[in-house]
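Structural overview
The chain contents come next:
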Amino acid sequence: MAKMRVNGQALEFAMDPATPLLWALRDAANLTGTKQGCGGLGTCGACTVIVDGAAILSCTVPIGSLEGADVTTIEGLASHPVTLAVVAEEAVQCGFCIPGFVCAAAALLQQSPRPSAEQVDALLNLCACGAQPRLRRAIARAAGTMAAAAPPAPPKPPEKVVSPR
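The structure reproduced in this document is the subject of the present report. (Residues numbered from 1 in each chain as written. Predicted model: local features only at pLDDT ≥ 70, side-chain atom pairs only at ≥ 80, totals over all residues. Heavy atoms only, no water.)

Reading across from one edge, β2-β1-β5-β3-β4 is the order of the five strands in this open sheet, with mixed pairing throughout. Of all the strands in the sheet, the pair left with one neighbour each is β2 (9-13) and β4 (54-57). Across this sheet, the average inter-strand angle for adjacent strands is 40°, counted without regard to direction. Helix α3 (residues 98-111) contacts β3 (48-51), β4 and β5 (70-72) of the sheet and is inclined by roughly 35° relative to β3. (Pairing = 2+ DSSP bridges. Helix = DSSP H or I, 4+ residues; strand = E, 2+ residues; numbered from the N terminus. Axes fitted to C-alpha atoms, helices over the stretch in contact; angles between N-to-C directions. Contact = heavy atoms within 4.5 Å.)

Below, the structure is given as structure tokens:
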């Protein structure tokens with residue numbers, strides 16, 4: 001049995017430890033937002049979820065390697081700034097890539113609150129419908145929203161002045 005937290009809930013998967021996380025989420029946990037796009041090759045990003053703060057391709061990771069992990073799927077990001085920005089930017093075409101894209105972008109913004117264009121372009125997520133420019137704008141919008149909502153940095157303590165004796 002693989003035990004992990006999924007969207008804040010403790011789950012146990014009574015499945016073969018070699019089962020890809022994608023299928024455990026979809027078939028056992030009924031979290032169908034995570035999509036299969038490339039047939040388990042790890043090339044499209046549609047199955048991206050967040051594991052312990054990092055974006056991973058769930059079609060390539062067996063559940064047996066995730067004992068005790070903290071997993072977040074698109075269902076756990078319903079009110080996340082990236083999700084809201086994707087809607088605001090009208091970035092959804094067919095919608096197939098969006099769950100993986102939102103997860104990848106949320107993980108990126110957690111690691112790099114103001115990502116460079118190169119960092120955004122390095123996301124593995126592909127949109128066959130051509131919504132990439134709107135998806136880039138959504139990341140920028142979400143970064144701005146998150147920065148505005150962040151608490152101010154604590155004031156620096158005054159410098160200690162030491163005088164010679």
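Further notes follow.
Where β3 lies against β4, four bridges are found, and the strand directions are antiparallel. Each residue of the ladder has a partner; that of I50, found in β4, is A55. Counting the residues between successive antiparallel strands, the hairpin from β3 to β4 contains two residues, one of them, D52, with a positive phi of roughly 50°.

Here the focus is the packing of helix α2 (residues 81-88) against helix α5 (residues 132-149). Closest axis-to-axis distance for the α2/α5 pair is 8 Å, and the angle between their directions is 130°. Comparing their axes, α5 and α2 come out oblique. Crossing angle aside, the handedness with which α2 passes α5 is right-handed. Counted together, P81, V82, A85, V86 and A88 of α2 and L135, A138, R141, A142, T145 and M146 of α5 form the full contact between these two elements. (Parallel < 35°, antiparallel > 145°, perpendicular 65-115°, else oblique. Left-handed = near helix turned anticlockwise from the far one by under 90°.)

Moving on to the side chain of T19. Mapped onto the fold, T19 is located in the loop between β2 and α1 (21-28). Given a relative accessible area of 14%, T19 falls into the buried group. (Buried < 20%, exposed > 50% of the residue type's maximum accessible area, 1.4 Å probe, protein only.)

Looking at the element boundaries, S58 is found in the loop between β4 and β5. Accessibility expressed as a relative area gives 0% for S58, which makes it buried.

Right, let's talk about the packing of α2 against α3 for a bit. Orientation of α2 relative to α3, taken along the N-to-C sense of each, is 125°, at an axis distance of 9 Å. Between α2 and α3, the crossing angle belongs to the class labelled oblique. Judged by the sense of rotation from one axis to the other, the crossing of α2 with α3 is right-handed. In contact with V82, T83 and V86 of α2, α3 contributes I98, F101, V102, A105, A106 and L109. Among the residues forming the contact of α2 with α3, the class breakdown is eight nonpolar, one polar and no charged. (Nonpolar A, V, L, I, M, F, W, Y, C, P; charged D, E, K, R; others polar.)

Quick look at the pattern of salt bridges now. For the coordinates displayed, the defined rule picks out three salt bridges. Residue R137 pairs with E89 through a salt bridge whose shortest N-O separation is 3.2 Å. On the criterion of sequence distance, the pair formed by R137 in helix α5 and E89 in the loop between α2 and α3 is long-range, its members being 48 residues apart. Measuring nitrogen to oxygen at the nearest pair gives 2.8 Å for the salt bridge that ties D121 to R136. Note that D121 is positioned in helix α4 (residues 117-121) and R136 in helix α5, a separation of 15 residues in sequence. By relative accessible area, which is 46% here, D121 ends up partly exposed. (Salt bridge = Lys/Arg side-chain N within 4 Å of Asp/Glu carboxyl O.)

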